[in-house]
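What follows is each chain in one-letter form.
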Amino acid sequence: MNIKRLFKVGVPVAGLALLREGFSHRLSMSYYRLQHPKVTESVRFVVLTDLHNHYFGEQQKDLLKRVEVEAPDYILLVGDIFDSRWSAQAAQTLILALVERYPVYYVTGNHEFEYPSIQRLKNWLTRHQVTVLAGDTVKIQHGTMDFTISGVDDPNRGRRRIFKQQLKRIDRQLPSDTYNILLSHQPQRIKEYTQYPFDLIVSGHAHGGQIRIPWANQGLYAPQQGFRPLYTHGLHQLPNHAYLIISRGLAYATTRIPRLFNRPEVVVIDLLK
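Residues numbered from 1 in each chain as written. Predicted model: local features only at pLDDT ≥ 70, side-chain atom pairs only at ≥ 80, totals over all residues. Heavy atoms only, no water.

**Topic: the layout of surface pockets**
Argument step 1. Computed from the structure, the largest pocket encloses a volume of approximately 460 Å³.
Argument step 2. As for the largest pocket, its lining consists of 24 residues, of which His111, His207, Gln210, Pro223 and Arg256 are closest to the centre.
Argument step 3. Grouping the amino acids of the lining of the largest pocket by side-chain chemistry returns seven nonpolar, eleven polar and six charged.
Argument step 4. Looking at the second largest pocket, its volume works out to about 150 Å³.
Argument step 5. Examining the composition of the lining of the second largest pocket, we find that four residues originate from one element, helix H4 (residues 118–127), more than from any other.
Argument step 6. Tallied by class, residues from the lining of the second largest pocket come to six nonpolar, two polar and two charged. (1 Å grid on protein atoms, 1.4 Å probe; cavity = no way out; pocket = protein on both sides within 12 Å on 5 of 7 lines; lining within 4 Å. Points joined across faces, edges and corners; volume = space filled by probe spheres on them. Nonpolar A, V, L, I, M, F, W, Y, C, P; charged D, E, K, R; others polar. Helix = DSSP H or I, 4+ residues; strand = E, 2+ residues; numbered from the N terminus.)

Listed below in C-alpha cells is the structure:
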C-alpha cells in the first residue's frame, strides 16, 4: 500500500478511534496517595460525586463492583448524588448497597437543593445509616489513629452565609492533633478553605470541565469558574499546604451537556503512614 493510500485509510480510522475514545463512558479510576506526620495508620477512601441519579449497570452493579475491588475503609459522597430532574431510584439503589458494607459520609451538592424538601432527603439518608454532614465534624478512630471528617452544605442560591457559618462551626470542633478532612461539593472556594486547619479537602461539582481538551489536559467550562477553569479535577496543593482533590464525577447521560474526553471517574484516596 502506497503512502497516499495509507493516508486515506489511516486518517478516517484514527479519527473514528479518537471520537470513540472521546465519548467513552467506561468508568475510569484515579488514585491519590498522601502522607502526613499525623497519619499513623493507613486508611483508604473511595470518593463518589455527581452521580445525578445515573445508573451504571443493572442495580448499579458495575459501579458497585469497582468499589468492592478497591476495598475501601470509608465511602465519601461529595454532592449531586441526587438530581431532582430524574428518579431518585438510581441514587437510592447505590446508597442502600453501599451502607451494607461501608461507613458512608455525605454532603449536599447544588442539585440536591432543587428538591422540594432537602430535609426530607437528608432524613432518608440518616434513616439508612448515612452520616450526613452539614456544618458537622465526626471524629473517627481508625486503628491507632484518630482523624476527622467534616462537611458543609453546597453554598449556591443564597446559601453562602450558611456555608460560611458551617465552616466556622466546624473550626470550633476541629482537634489540632488529628488529620482533618473536609467534604465540600464546590472546589473553587479556596479562600474559604484555607482559612481553616484542614489537611485535605475533597470536592466534585466541576465535572472535569465537562468537555476536556486532551492535549492540554484542560477542562473547557465549569460552573462558578467559567471557561478554562483552574479547579476541575486532580490533586492541588493549596497556599496553606493543604491538599484539594477534585473528582470529575460520574454522570454522563443525566447531564445537560455530553462529556467529551472525560470518562466518568471513581477516585481512590490512600492516606499512608
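Now, onward.
**Re the sheet that holds strand E4 (residues 104–107)**
Argument step 1. With mixed pairing, the six strands of this open sheet are ordered in space as E1-E16-E2-E3-E4-E5. In the strand order of this sheet, the two ends are held by strand E1 (28–35) and strand E5 (130–132), each with one partner. Sheet twist, expressed as the average angle between the axes of neighbouring strands with direction ignored, equals 25°.
Argument step 2. Of the pairings in the sheet, the one linking E1 to strand E16 (residues 265–272) comprises eight bridges and is parallel in character. Among the inter-strand pairings, Ser28 is bridged to a residue of E16, identified as Glu265.
Argument step 3. The sheet contacts of helix H3 (residues 89–98) involve strand E2 (43–48), strand E3 (74–78), E4 and E5, and relative to E3 the element is tilted by about 155°.
Argument step 4. Strands in contact with H4 are E4 and E5; relative to E5, the strand with the most contacts, it is inclined by about 140°. (Pairing = 2+ DSSP bridges. Axes fitted to C-alpha atoms, helices over the stretch in contact; angles between N-to-C directions. Contact = heavy atoms within 4.5 Å.)

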